[in-house]
Amino acid sequence: MAERLLQAHHVSDLCIGKPALRWLPPQSTIADLEAGGGRDDAAVAVWDGSEGSDVAGRVCMADALLFLCADDDNLASLAAALQATLSDLLAAGALQAVRRIDPDASVLEAVDAFLGGAHTLAVPIRERWHAAADRGKLCWLTVEDVVRFLLSSVGVFSATASRSVTELGAVRPAALAVAAGDSALSAVPLLRAALASHASVAVVAGTGTGSPARRLVGEISPSALRSGGVASVAAIAALSAGQLVSFLDWGGAPPAATLHAVRSRLRCHNLLGMLDLLYGGTTDASSSSSSSSSASSSSSSSSDEDEDIVDANGRKLIIASPHRHGSSFLGRRRAEEATVCHRGSSLVAVMVQAMVHRATHVWVVEERELVGVVGLLDVLRVLRHHLVAGSGCGMHPDLD
């Protein structure tokens, strides 16, 4: 029965009600991407819009932000870098691979496409789903869509879903991790890898001088980067990874003291072009003095509320949170509140956590120490093996 769930249902069953994807031609610029709603979660297809033509790729504002951060020339001349084209993004490694799939393909074929390297699937829209005006258009099918579909039918494979993620072999090492005290720029290659693999970068700190333990203190996710817009580039250039978590936690609207600190560090790095574009200059000495005074005042007033963490060299770092200061922003999940589970958590519990928090992965921790991660692709891999491969060997799919 579990195998039939994957083979009898079609991709079209998962696409009912989905909107047509938004697309831009390859010659469009990063500025066009941002102006067209680049901060939204929805990614943009790099496509000419012609029926039957291939989609060159899939990009979102996080791709653009990481492109801007990956090159010293881009950081030095941000205004010029914003005129780079979407083709430039793809050539520079914005590899969210897109594969077109027929609406009549089975869900199993979609699972195999994801496990075979497709980041997202492009599905032709049928007239019976939408108005005739949508003929020739495409919609996205994501890993999240497939996992949500499987979760809605969890009773069919409850024996497998109730087993622990460790027992099922779904936990893998958390390789995408950066120390809280490291430069946020050093995390850019990890963030690009995370974006291409439905993941985020864990931010970790030691529990004391010389301690090998990695305590999870937050995460840097592509969605959090998008919420900050181009200002996230300045934060990445100026802050440590731990401080970037705090910056992103404000949802793109950090307090004045934080902005002063970013401006000051941009001046120190001689990134005056970025400073002028994002903040209108403010390079005079009085601004610098005001920045120092404001940051000092903020530090002294919040030191009792912020949490001290220790990096690999034993230095204390302050990770401030807007929620410790009574702020909120439309219910967005805190960057510091990364979604976590334990080695003994059941597969279905992890699936539920991921869907509830709109996360593509769940970190595995034991007493706050990071020991691994379970991604949605890991969930698909495990279910593909236990529900199909097991039954193909003459075994009950839930007793493999």
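These numbers were taken from a predicted model, which means no experiment stands behind them.

S.K.: So what about the overall build of the protein? Which residues, and what values?
M.R.: Across its full length, the protein carries 18 helices and 14 strands. By residue count, 52% of the 400 residues in the protein fall in the buried class. Across the protein, the fraction of contacts at a sequence separation of at least 24, relative to all contacts at a separation of at least 6, is 64%. Total accessible area on the protein is roughly 16,800 Å²; 51% of this is exposed by carbon and sulfur atoms.

S.K.: Describe the sheet that holds strand β2 (residues 44-46), and please don't skip the residues or the numbers.
M.R.: Reading across the sheet, the three strands line up as β1-β2-β3 and stay open at both edges, with mixed pairing between neighbours. On the outer flanks of this sheet lie β1 (22-24) and β3 (57-59), each paired with one strand and no other. Within this sheet the neighbouring strands show an average axis-to-axis angle of 40 degrees, counted without direction. Two elements, β1 and β2, share three bridges in a ladder whose sense is parallel. Each residue of the ladder has a partner; that of Arg22, found in β2, is Val44.

S.K.: So what about the sheet that holds strand β6 (residues 138-141)? Which residues, and what values?
M.R.: Pairing in this open sheet of three strands is mixed, and the strands run β4-β5-β6 from one edge to the other. A single partner strand is all that each edge strand has here, and the edge strands are β4 (98-100) and β6. Ignoring which end each strand starts from, the neighbouring axes of this sheet average 30 degrees apart. Of the pairings in the sheet, the one linking strand β5 (residues 120-124) to β6 comprises four bridges and is antiparallel in character. In the strand pairing of β6, Ala122 is matched with Trp140. Contacts between helix α7 (residues 107-115) and the sheet are confined to β4, β5 and β6, with β5 contributing the most and set at about 140 degrees to the helix.

S.K.: Tell me about the packing of α7 against helix α8 (residues 143-152), and please be specific about residues and values.
M.R.: Think of two packed helices as two axes; the pair is described by the angle between the axes and how far apart they sit. At their nearest, the axes of α7 and α8 sit 11 Å apart, and the two run at 135 degrees to each other. In this view, α7 runs oblique relative to α8, as classed from their interaxial angle. α8 is crossed by α7, and the crossing has left-handed handedness. Two secondary-structure elements touch here, α7 through Val107, Val111 and Phe114 and α8 through Val143, Val146 and Phe149. Here the contact of α7 with α8 is built from residues that sort into six nonpolar, no polar and no charged.

Conventions and cut-offs
Residues numbered from 1 in each chain as written. Predicted model: local features only at pLDDT ≥ 70, side-chain atom pairs only at ≥ 80, totals over all residues. Heavy atoms only, no water. Helix = DSSP H or I, 4+ residues; strand = E, 2+ residues; numbered from the N terminus. Buried < 20%, exposed > 50% of the residue type's maximum accessible area, 1.4 Å probe, protein only. Contact = heavy atoms within 4.5 Å. Areas by Shrake-Rupley, 256 points an atom, 1.4 Å probe, with all protein chains shown as cover. Pairing = 2+ DSSP bridges. Axes fitted to C-alpha atoms, helices over the stretch in contact; angles between N-to-C directions. Parallel < 35°, antiparallel > 145°, perpendicular 65-115°, else oblique. Left-handed = near helix turned anticlockwise from the far one by under 90°. Nonpolar A, V, L, I, M, F, W, Y, C, P; charged D, E, K, R; others polar.

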